[in-house]
Amino acid sequence: MSETSETTLTVESTTAGASSCCGSCSTGGDATPEDASALTSAFQVKGMTCGHCVTSVTAELKKVEGVTDVAVDLASGRVTVRSTRPLADADVAAAVDEAGYDLVGRLDG
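Residues numbered from 1 in each chain as written. Predicted model: local features only at pLDDT ≥ 70, side-chain atom pairs only at ≥ 80, totals over all residues. Heavy atoms only, no water.

Engineer: What exactly am I supposed to notice about the pattern of salt bridges here?
Structural biologist: Pairing between side chains of opposite charge can happen when the charged atoms of each approach one another. Within this structure, the stated rule accounts for two salt bridges. The salt bridge partner of glutamate 60 is lysine 63, with a shortest N-O separation of 3.2 Å. With relative accessibility at 18%, the residue glutamate 60 sits in the buried group. Between aspartate 89 and arginine 106 there is a salt bridge whose closest N-O contact spans 2.6 Å. Of this pair, aspartate 89 sits in helix α2 (residues 89–99) while arginine 106 sits in strand β4 (residues 102–107), placing them 17 residues apart in sequence. Relative accessible area serves as the criterion here: at 38%, arginine 106 is assigned to the partly exposed category. (Salt bridge = Lys/Arg side-chain N within 4 Å of Asp/Glu carboxyl O. Buried < 20%, exposed > 50% of the residue type's maximum accessible area, 1.4 Å probe, protein only. Helix = DSSP H or I, 4+ residues; strand = E, 2+ residues; numbered from the N terminus.)

All we've got here are geometric facts, nothing functional implied.
Structural data, given as structure tokens:
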């Protein structure tokens, strides 16, 4: 003789003041997409020749307030920076200089 059992699971959800644990789903009360307010700026940097150069420039730029991501194209010297606010060229130049390289200027598009 076989018996069948039934289990009921009740889950309560509260969103007041809560946020998701990792942000990969939209269960958090105040969660917003990361790209919602992101700005992208591109700069030309001179003097980078290797992976260490890329690492140095990336690390210094990530210290600039508002910077969320940095992508470096070593071959062209193009550095693309994503941020939560507009970046002052002087702040970017100071970070690139601190890394040991030269900011040529801001690129369009």
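On we go.
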